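Secondary and tertiary structure notes
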Amino acid sequence: MSALLEVRDLRVSYGHVEAVRGVSFSVSAGEIVALIGPNGAGKSSTLNAIGGLLRPASGSVLLEGRELAGLPSHAVVAAGVILVPEGRAILQRMTVLENLVVGAEARPWPGGRDEARAAVEAQVKRFPSLQRRLEQPAGALSGGEQQMLAIARGVLARPRILLLDEPSMGLAPLLVRQIFEIVQEIHREGTTILLVEQNARMALQTAQEAYVLERGEVALHGPAAQLAQDPRLQAAYLGGDVA
Ligand SMILES: Nc1ncnc2c1ncn2[C@@H]1O[C@H](COP(=O)(O)OP(=O)(O)OP(=O)(O)O)[C@@H](O)[C@H]1O
Ligand SMILES: [Mg+2]
């Protein structure tokens with residue numbers, strides 16, 4: 001299977017801090033690939049460089065062979081690479097519905113306005129807690145609801161690949177499970193996903209392939225089910241009682 005997204009020798013620096021030091025991986029169409037690793041490993045820096053929020057120092061980000069590295073974020077979005085950043089970056093003062101509409105307007109719909117409207121309605125149905133709050137400011141939602149809104153908004157941009165940065169961060173265990181179920185549902189509907197998570201256990205249960213980042217480098221990679229059994233990972237990330 002040829003890769004939908006291929007990242008080659010990616011490097012990201014903040015001044016003298018080398019956050020990402022030659023990371024390579026690929027995501028096939030239809031897959032969920034997880035990027036796991038401890039705080040400060042370079043997960044968000046990698047995702048933000050792919051999403052065009054950061055300009056990589058060097059390396060390649062190829063979407064079906066087309067180079068995206070260094071393009072501004074609007075061009076990356078137009079190509080279909082949609083990032084849901086860490087910390088639920090929703091538009092706090094806009095209503096829930098306005099946030100969804102902004103998501104749906106990120107990329108054109110082949111079926112025009114009618115198709116966009118139907119897609120917004122489908123997302124509203126998927127998240128009943130949003131349905132009750134469509135006219136409220138998004139900033140008034142709970143943390144879990146804001147994360148759901150951020151994911152719904154990302155899906156409405158019709159991603160070729162959806163980049164999710166720590167969707168379960170800071171959520172209670174029940175909500176963490178709900179979020180991972182939603183990620184799987186979106187995947188079943190045909191969306192390719194690159195999932196960054198600190199919750200290694202849940203990420204490995206959800207993904208097909210996984211890469212472990214440590215200090216800006218890929219320390220381990222392989223099928224997620226296999227990594228979940230790897231003694232090195234067990235000791236480092238799976239030992240404690242993760243949610
Ligand atoms: N804006 C910035 N300026 C300077 N250094 C930064 C900046 N953002 C991140 N870093 C540094 O880059 C390294 C990688 O950070 P990054 O946020 O990519 O890690 P992460 O794996 O996403 O961590 P976390 O799990 O905490 O989200 C860290 O050493 C961090 O301190
Ligand atoms: Mg991060």
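Note that the structure is a prediction, hence the values are computed from the model and not measured.

Before going further, it helps to spend a moment on the domain arrangement of the protein. It is common to give the size of an interface as the accessible area that goes away when the parts come together. Split by domain assignment, the protein resolves into domain 1 (1-80 + 159-243) and domain 2 (92-158). The gap between the C-alpha centroids of domain 1 and domain 2 is 24 Å. Each side of the interface is counted separately: domain 1 has 18 residues, and domain 2 has 13 residues. Here domain 1 packs against domain 2, burying approximately 1200 Å² in sum over the two surfaces, 70% of which is carbon and sulfur. For the pair domain 1 and domain 2, the number of links is two salt bridges. Here Arg 126 and Glu 189 are joined by a salt bridge, their closest N and O atoms 2.8 Å apart. The interface formed by domain 1 and domain 2 holds five residue pairs in polar contact (both at pLDDT 80 or more) in total. In terms of residue count, helix H7 (residues 173-188) provides more of the side of domain 1 that touches domain 2 than any other element does, six residues in total.

Judged by nonpolar contacts, the single largest core of 50 residues is most densely connected at Ile 36, Leu 100, Leu 149, Leu 162, Leu 164, Ile 193 and Leu 233. Of the residues forming this core, the biggest block, seven residues, is contributed by helix H6 (residues 143-156). The residues that make up this core include at least three from each of domain 1 (1-80 + 159-243) and domain 2 (92-158). In this view, Ile 36 contacts Lys 43, Glu 197, Ala 200, Ala 203, Leu 204, Tyr 211, Val 212, Leu 213 and Leu 233; residues no more than four positions away in its chain are not counted.

Running from N to C, H6 and H7 cross one another at 10 degrees; their axes reach a closest spacing of 11 Å. By the criterion of interaxial angle, the relationship of H6 to H7 is roughly parallel. Contacts between H6 and H7 involve Gly 144, Gln 147, Met 148, Ile 151 and Val 155 from the former and Leu 175, Gln 178, Ile 179, Ile 182 and Ile 186 from the latter. For the contact of H6 with H7, a count of residues per class yields seven nonpolar, three polar and no charged.

This paragraph deals with the site of ligand 1. Taken together, 13 residues form the shell around ligand 1, and within it Asn 39, Gly 40, Lys 43, Ser 44 and Ser 45 come nearest. At a separation of 3.3 Å, an oxygen atom of ligand 1 approaches a polar side-chain atom of Glu 166. The side chain of Gln 198 places a nitrogen or oxygen atom 2.9 Å from an oxygen atom of ligand 1. The dominant element in the shell around ligand 1, judged by the number of residues it contributes, is helix H1 (residues 43-50), at three residues.

Rules used in this analysis
- Residues numbered from 1 in each chain as written.
- Chains lettered and ligands numbered in written order.
- Predicted model: local features only at pLDDT ≥ 70, side-chain atom pairs only at ≥ 80, totals over all residues.
- Heavy atoms only, no water.
- Domains from an automatic or database assignment.
- Contact = heavy atoms within 4.5 Å.
- Buried area = accessible area lost by both parts, 1.4 Å probe.
- Salt bridge = Lys/Arg side-chain N within 4 Å of Asp/Glu carboxyl O.
- Polar contact = N/O pair within 3.5 Å; in protein donor to acceptor, adjacent residues only side chain to side chain.
- Helix = DSSP H or I, 4+ residues; strand = E, 2+ residues; numbered from the N terminus.
- Core = buried A, V, L, I, M, F, W, Y, C linked by side-chain atoms within 4.5 Å.
- Buried < 20%, exposed > 50% of the residue type's maximum accessible area, 1.4 Å probe, protein only.
- Axes fitted to C-alpha atoms, helices over the stretch in contact; angles between N-to-C directions.
- Parallel < 35°, antiparallel > 145°, perpendicular 65-115°, else oblique.
- Nonpolar A, V, L, I, M, F, W, Y, C, P; charged D, E, K, R; others polar.
- Near = heavy atom within 4 Å.

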